[in-house]
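Next come the chains, spelled out residue by residue.
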Amino acid sequence: MTVDTIAAGGDAVGRDPDGRATFVAGALPHERVRVEIDRVAKRFAHAHVVDVLRPSPDRITPPCPHVARGCGGCGWQHIDLDVQRRFKRSVLAEALE
């Protein structure tokens, strides 16, 4: 799946082959990722990244070693700090609109 944008909750958003919006934890906009579906609803699904096939240039190695072991406490550690700030501004601006 190729993800397109970032959602308010911090997940990236892509579309499955049927066109359903899929919120992907651990992905960045414009990445090509292999995902595992966690939950499916009528109009959307939730998934998490299993493999990054084409990484974003904004992806970094998380500074915390627990992230690699599956800890979900700091969901954006794989994103460059300046890019995190840009995403957060974008989410806030969209919410205010």
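Now for a description of the structure that goes with this document. Predicted model, so just to flag it, every value in this text is computed and none were measured.

So, the side chain of threonine 22
Within the secondary structure layout, threonine 22 lies in strand S3 (residues 21–25). A distance of 3.4 Å separates the side chain of threonine 22 from the backbone oxygen of arginine 20, its partner in a polar contact.

Describing the sheet that holds strand S2 (residues 12–15)
As summarised here, the arrangement of the five strands in space is S1-S2-S3-S5-S4, forming an open sheet in which the pairing is mixed. For this open sheet the edge positions go to strand S1 (3–6) and strand S4 (32–40), each flanked by a neighbour on one side alone. Averaged over all adjacent pairs, the angle separating strand axes in this sheet is 40°, with direction ignored. Direction of pairing for S3 relative to strand S5 (residues 44–54): parallel, over a ladder of five bridges.

Section: helix H2 (residues 81–96)
Taking 1.5 Å per residue, 16 residues should reach 22 Å; H2 reaches 23 Å between its end C-alpha atoms and fits that length. All of the buried residues along H2 are Val83, Gln84, Phe87 and Val91. End-on view of H2: buried residues confined to an arc of 105°, all on one side of the axis. Away from its buried face by more than 90 degrees, H2 exposes Asp82, Arg89, Leu92 and Leu96. Contacts made by the buried residues of H2 are with S1. Between a side-chain oxygen at the N-terminus of H2 and the backbone nitrogen of aspartate 82 the separation is 3.2 Å; the capping residue is aspartate 80.

Comments concerning the nonpolar core
Ile6, Leu28, Trp76, Ile79, Val83, Phe87 and Val91 together form the largest nonpolar core, which totals seven residues. Ranked by the residues each element gives to this core, the list is headed by H2, at three residues. Once residues within four sequence positions are removed from consideration, tryptophan 76 is found in contact with Ile6, Gly10, Gln84, Phe87 and Lys88. Membership of the second largest hydrophobic core comes to six residues, among which are Met1, Ala12, Val24 and Val33.

Comments concerning the packing of aromatic side chains
This model, assessed by the stated rule, comprises two aromatic pairs. Between phenylalanine 23 and phenylalanine 44 the ring centres are 6.1 Å apart and the planes differ by 80°, which places this aromatic pair in the edge-to-face class. Of this pair, phenylalanine 23 sits in strand S3 while phenylalanine 44 sits in strand S5, and the two are 21 residues apart along the sequence. Consider the rings of tryptophan 76 and phenylalanine 87, whose centres lie 6.0 Å apart with planes at 80°: the pair is edge-to-face. In this pair, tryptophan 76 is assigned in the loop between helix H1 (65–68) and H2 and phenylalanine 87 in helix H2, connecting sequence segments 11 residues apart. We note that tryptophan 76, like phenylalanine 87, is buried.

So, how was this worked out
Residues numbered from 1 in each chain as written. Predicted model: local features only at pLDDT ≥ 70, side-chain atom pairs only at ≥ 80, totals over all residues. Heavy atoms only, no water. Helix = DSSP H or I, 4+ residues; strand = E, 2+ residues; numbered from the N terminus. Polar contact = N/O pair within 3.5 Å; in protein donor to acceptor, adjacent residues only side chain to side chain. Pairing = 2+ DSSP bridges. Axes fitted to C-alpha atoms, helices over the stretch in contact; angles between N-to-C directions. Expected span 1.5 Å × (residues − 1). Buried < 20%, exposed > 50% of the residue type's maximum accessible area, 1.4 Å probe, protein only. Arc of directions from axis to C-beta. Contact = heavy atoms within 4.5 Å. Core = buried A, V, L, I, M, F, W, Y, C linked by side-chain atoms within 4.5 Å. Phe/Tyr/Trp six-rings, centres within 6.5 Å; stacked < 30°, edge-to-face > 60°.

Note that every value here comes from positions in space, so none of it alone points to a role or purpose.
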